[in-house]
Amino acid sequence: ETAGLVREQEPIHVMVGLFADDITKPENEIRVVTHDPTHPKAGADGWVVAPSQITNVTVWRDERLLNSDERDPETGEHVHRYDATTTVELVFFADVAAYETKVYCLAYGNPKAEKAALETDLKTTKGEGMSETVENANFSYFLSKNSGSVETITLRGEGDPVTLEHKLETNGAVHWNPDMYSPPTPWVHISDWETPVFDQVSGPLMHRTRRYAPLPHMDFVNASVSYEFYAGKPYVIMSSFMEVNKDTFVQALRNGEIVFNHAVLNEFVWEDPLGKVESLAIESSRKHPIHALEIPADTPWMAFIGRDKKVGFANIALTYDNGNRFGQPPSEAQPYFYVQNGPWIYWARTNVYPLGGTNFTRMMPVRAGSFYHEENAWVAFRFASGSDPFAEVKT
C-alpha cells in the first residue's frame, strides 16, 4: 500500500496462468488466502480466506504446438516448450494497512472442492431491454433500456434516500459521453445508442457492464463504455474509450459529461491545482450558452452538491489519456472541463471544441487514429461530519 491509506476490502484485479492439468473447476477450486493471525476472520492457524470472484476463464490447448517434435540440435533430445494453460481472471478483496505489504496466495488443485458460499449487498435486477438496476447498501443505479447509460442514481445508506436524475430532454440520461458534433451529421452521444454490443460479468463482489458500438450515424467513430459496481463500496468505476478512424472535422469532441436537473444539486465544488477546494453557486452563475466555469482537464475531483440536503455527486479522475495509434500528435485543442447552467446543470471535458469559443463557427480537424480514454470513479455521497464535508471524496 503506497498512498498511506487503510485499505478495507479493497478490490484487486489479477490474471494468472495455471497449468491446465492442475486445475479442473476454477470456479470451485480457487481460494485467495493470506496469513494474518491478527485479522478478525483468521482461522486458528492464522490463515484468512479473502472474498474472491472469477470474472473469466480461458483455456489454451493447441495440440499442434503441444505435440510438436522439436529436438535440441546438439543432444537430439526433445525440447519441451509449451504446456496447456488455464488463464484465470479474478477480483478479490484485500485488507491492507497504510504502507503495509501483504502477500496473498492463490490456492487450487482440489477437484472435490465446493464453490465458496459468498453473500454480499450487491444486487442486480434485470429490466426491459438493456435496463437494469444495480444496488448495494450505498447506492442504486438505474441503467437505461436503449443505451445502458446511467439514467438515475439513488443515494442510500444513512438518512432518507435521495434520487439524482436528469430526464429533461432527448434520452434524459445522466451519463452522455463520449460524443461528437461533425456537421452536417447531428450531434451524437453514446447515450443515443440503440443497439450497442452489450455484455456483462456479474457476481457477489463485482458487476461489470460493457457497451461497444460506432457512434450513431458515424460508422468511422468507435466507442466503448464500461461500469464497474462493487459490493460494499460507495463508488462506481466508469471507463470510456473513443477512436476516430478517418480524418474528419468537428465542432465538438468531448467525454466525461454528467447531467442533472436542478431539483437537488445547486453548487459546484472542485479541487484546484494547489489542492484548495473551490466553489461556484450554480443558480447565480452565468447562463447557457455561456460557460458558467472552465477548469483544467485533469482536475483531481469535482462534484455537484446540495448543501440543504447535504448530498453530492463527485467525479474522481483516475486516468485521462489522448493519443493517436499511428504516432501522430493527439488531436486536441487545449482540453478543459466546463460547467453549464441551463434548464439542467452539467460538466463535460472538451478535447476539441471550437463550438465553445467566441468564434463558434470554426471546424477543426481530428486525425485518423485519434483516441480518447478516461477512467473515473463516481461517488454519490453524503457530507461527512466535522469540518470537511468532502472528506469521503478526498480519501
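As the structure is a prediction and not an experimental result, all values here were calculated from the model.

### Brief notes about the sheet that holds strand β2 (residues 31–35)
Ordered by their spatial adjacency, three strands build an open sheet running β3-β2-β6, and the pairing between neighbours is antiparallel. Of all the strands in the sheet, the pair left with one neighbour each is β3 (47–50) and β6 (105–107). Strand-to-strand twist of the sheet, defined as the mean angle between neighbouring strand axes without regard to direction, takes the value 40°. For β2 and β6, the ladder comprises three bridges, and the chain directions are antiparallel. Bridge pairing in β6 places V32 opposite L106.

### Some details on unusual backbone geometry
For the bond running from N177 to P178, omega is 15°, close enough to zero to count as cis. Looking at where P178 falls in the secondary structure, it is placed in the loop between β11 (162–165) and β12 (179–181). Between H288 and P289 the backbone carries a cis peptide bond, its omega angle lying at 15°. Inspection of the secondary structure puts P289 in the loop between β21 (277–281) and β22 (293–296). In this structure, K167 is a non-glycine residue whose phi angle is positive, near 50°. Mapped onto the fold, K167 is located in the loop between β11 and β12. In this structure, K310 takes a positive phi of about 55° despite not being glycine. Tracing the backbone through its elements, the reader meets K310 in the loop between β23 (301–306) and β24 (311–324).

### Description of the pattern of salt bridges
If you walk through the whole model with that rule in mind, you get 17 salt bridges. For E135, the salt bridge identified is with R156, shortest N-O distance 2.6 Å. Taken as a pair, E135 in strand β8 (residues 132–135) and R156 in the loop between β10 (150–155) and β11 lie far apart in primary sequence, 21 residues in all. By relative accessible area, R156 is classed as partly exposed at 32%. One salt bridge connects R208 with E228, and the closest N-O pair in it is separated by 2.9 Å. Placement of R208 in strand β15 (residues 206–215) and of E228 in strand β16 (residues 218–230) is noted, with a sequence separation of 20 residues between them. The exposure class of R208 is partly exposed, given its relative accessible area of 22%. Within this structure, E1, R7 and E10 form a network of salt bridges that share partners.

About the cut-offs
Residues take numbers from 1 onward in each chain, read along the sequence in its written order. At least 70 in pLDDT is required for a residue's local features to be given in this predicted model, at least 80 for side-chain atom pairs to be given and counted, and no such filter applies to totals for whole chains, interfaces and linings, which use all residues. Based on all heavy atoms of the structure, the side-chain values leave hydrogens and waters out of the count. The criterion for strand pairing is that DSSP finds at least two bridges linking the strands in question. What counts as a helix is a DSSP run of H or I of at least four residues, what counts as a strand is a run of E of at least two, and both are numbered from the N terminus. The axes are straight lines fitted to the C-alpha atoms, using for helices just the contacting stretch, and the angles between their N-to-C directions are given from 0 to 180°. The rule for a salt bridge is simple: a side-chain nitrogen of Lys or Arg has to be within 4 Å of a carboxyl oxygen of Asp or Glu. In this scheme, a residue with accessible area under 20% of its type's maximum is buried, one over 50% is exposed, and one in between is partly exposed, where area comes from a 1.4 Å probe on protein chains only.

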